[in-house]
Structure formats: structure tokens, C-alpha cells
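Residue-level listing of the chains:
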Amino acid sequence: MAPLSGAIQRRAYVLALVGVVLLVLACVLPSFAQPPGYHDFADKRAWLGIPNYGDVASNAMFLLVGLVGLFAIRTPAVRAMEQASRHAYGLMYLGLVFTAIGSAYYHWAPSDTRLVWDRLPMTVVFMPLLVATCAERLRWRSDVPLLALTLLGVASVVYWKLSDNLLPYLLAQGGAILLILLALVLLPTPWTDRRLLYPALACYVVAFVCEKLDVQIFRLTTGIVSGHTIKHLAAAATFYFILSMLRQQHLKTESDP
């Protein structure tokens, strides 16, 4: 591969600057506490002895996509990537497996104590995704960024639990998504099939909206399904599209767009 151009390096510095600004904001902005009604989800129905069945059982999709993703990391299409990118995508899918377990555990009996085990593995999903997105574009070879950013995400959850300040966690999650979007716009990739990131992002938006409209969707569907259950399914679809992208990818040639 050709070395990175000066223009690409300058764009990378812009991303790094945005990351530093987000870190500073997490330290200086006023504290934001967990909303008191956060655990009051719309669908509280039990089935087959499982409480809150829809929100618990829908985590099976995270488990399925996560396990298939871990196997896909060993395919030639992914093994051709640099170590840093490959390890980041692998950790992301491992995090998705643990998200399925942690989220099911939380939704079985929602509480702040159980919510920790939902949020911790989620940081081991979106932080490695950020690293993978940057690593494949900036030709990173070291796993140090993966370790540092993943620990930073985990620390934001630990800090919330100890201080009741949710802001660093929200900025870690939202900031990771912002930096991923900026990387997609500013940094070219040597790999094909990144068009599949657009439906992945669309699924993420659907998941975000459905989470906010949990009760309204439950009422609109006359109690068939809640917004939070759809959120789980749409979020799992996000990582299915990334999985499809990784399976189909190859290094770009002159004939590739």
C-alpha cells in the first residue's frame, strides 16, 4: 500500500482533535444523572416463565450475530487485514456476544445494579468499532489504540456507577459514533464494500428512534411489540451488515469505485 498522503494525515489530526475536545467536555460539563424512570419499559409481559420476555429474548439476535462474526474473523477476507483492524473487529463481535448476555440479564429484572452489566459490554462494541474504522484507513498496526479506547469506554461506565454521573458514558458512546461518521467522510479506505455501512447506519438510527419511542410504538402496535424490542433487533441488524461487509471485502483495485 502507498504511504498516507499529507492531506489524509491532516484529516486524521482533525479527528484526534475532536476526540480530545469530547474528552475535555466529559470532564468539565455539569453532571448528568440517570433519569429516574429509565427502567420503566413498555412491555412487561412474561412468557414461558421469562419476565419482560420481548426485551429479554430479542437479545438472542445479538448473540447470533456476535458468534457468526467471531467465526468470520478467521476467514481469508478478514485475515488479509492489518492486525489492528482484525483485532478490533474481533473484539467488537466478542463484545456483542457479551452484550447479549448482559442485556438479557439486565432486562430480566431492570435496575441500576444490573444496568452496569448491560453497558459495560456495549463499550466493548462501539469503541472497537471506532478503532476498526480508523485503523483500516490509517494503516494502524499496533493494538495500543484498541486497548486504550476500550479501557476508556469501560472507565466511563465504572465512573457512572461510582459517581452517578452518566455524561462521560453518553459522550463516549455518542462521541464514538460521531468520530466514526467523520472517519467515513474524511478518510478513504483501501477496502471494498463499505457501501454496506450505509444500511448499517440506517439500522442504528432506527434503533435509536425506537428506543426513544418505546411506549408509543407499543401502543401503536396494540401491544404486539415495544420500541425497545425493535431497538434490539435493529441494532443487531447494524452488525449483520458490517459482518456482510467483512465477508465480501477485498483490497481495492483500479477497477473498483
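So, here's what we can say about the structure. (Residues numbered from 1 in each chain as written. Predicted model: local features only at pLDDT ≥ 70, side-chain atom pairs only at ≥ 80, totals over all residues. Heavy atoms only, no water.)

1. Observations concerning the packing of helix 9 (residues 197–212) against helix 11 (residues 227–248)
The geometry of helix 9 relative to helix 11 is characterised by a closest axis approach of 8 Å and an angle of 165 degrees between their N-to-C directions. The angle between helix 9 and helix 11 places the two elements in the roughly antiparallel class. By crossing handedness, the relation of helix 9 to helix 11 is classed as left-handed. Within the contact between the two elements, helix 9 uses Leu197, Pro199, Ala200, Cys203, Tyr204, Val206, Ala207, Cys210 and Glu211 and helix 11 uses Gly227, His228, Ile230, Lys231, Ala234, Ala235, Ala237, Thr238, Phe241, Ile242 and Met245. Taken together, the residues of the contact of helix 9 with helix 11 sort by class into 15 nonpolar, three polar and two charged. (Axes fitted to C-alpha atoms, helices over the stretch in contact; angles between N-to-C directions. Helix = DSSP H or I, 4+ residues; strand = E, 2+ residues; numbered from the N terminus. Parallel < 35°, antiparallel > 145°, perpendicular 65-115°, else oblique. Left-handed = near helix turned anticlockwise from the far one by under 90°. Contact = heavy atoms within 4.5 Å. Nonpolar A, V, L, I, M, F, W, Y, C, P; charged D, E, K, R; others polar.)

2. Some details on helix 3 (residues 60–72)
Between the first and last C-alpha of helix 3 there are 18 Å, a value that for 13 residues agrees with the 18 Å anticipated at 1.5 Å per step. By the burial criterion, the buried members of helix 3 are Phe62, Val65, Gly66, Gly69 and Ala72. Looking down the long axis of helix 3, one finds its buried residues gathered within 120 degrees of arc, a one-sided arrangement. On its buried face, helix 3 is in contact with helix 4 (76–79), helix 5 (83–108) and helix 11. (Expected span 1.5 Å × (residues − 1). Buried < 20%, exposed > 50% of the residue type's maximum accessible area, 1.4 Å probe, protein only. Arc of directions from axis to C-beta.)

3. Notes on the nonpolar core
Core analysis: the largest hydrophobic core is formed by 58 residues, its most contacted members being Tyr89, Met92, Tyr93, Phe239, Ile242 and Leu246. Only helix 1 (6–28), helix 3, helix 5, helix 6 (112–138), helix 7 (144–163), helix 8 (167–186), helix 9 and helix 11 provide two or more residues apiece to this core. Of the residues forming this core, the biggest block, 13 residues, is contributed by helix 6. Look past the residues within four positions of Leu246 in its chain and what remains in contact with it is Ala77, Val78, Met81, Tyr89, Tyr93 and Arg194. (Core = buried A, V, L, I, M, F, W, Y, C linked by side-chain atoms within 4.5 Å.)

4. Structural notes on the environment of Arg45
Topologically, Arg45 is positioned in the loop between helix 1 and helix 2 (53–57). Along the primary structure Arg45 and Asp55 are separated by 10 residues, whereas in three dimensions their C-alpha atoms are 9.6 Å apart. In this view, Arg45 contacts Ile50, Pro51, Asn52, Tyr53, Phe218, Gly223, Ile224 and Val225; residues no more than four positions away in its chain are not counted. Reaching out from Arg45, the side chain makes a polar contact with the side chain of Asp43 at a distance of 2.9 Å. There is a polar contact of 3.3 Å between the side chain of Arg45 and the backbone oxygen of Ile224. (Polar contact = N/O pair within 3.5 Å; in protein donor to acceptor, adjacent residues only side chain to side chain.)

5. Remarks on the packing of aromatic side chains
Applying the stated criterion across every chain yields a total of five aromatic pairs. Summarising the aromatic geometry, the rings of Phe41 and Tyr106 are spaced 6.0 Å apart at their centres and angled 80 degrees between planes, so their arrangement reads as edge-to-face. Residue Phe41 is located in the loop between helix 1 and helix 2, and its partner Tyr106 is located in helix 5; the two are separated by 65 residues in the primary sequence. Across this residue pair, the class does not change: Phe41 and Tyr106 are buried. (Phe/Tyr/Trp six-rings, centres within 6.5 Å; stacked < 30°, edge-to-face > 60°.)

Worth remembering: the numbers are spatial, not functional.
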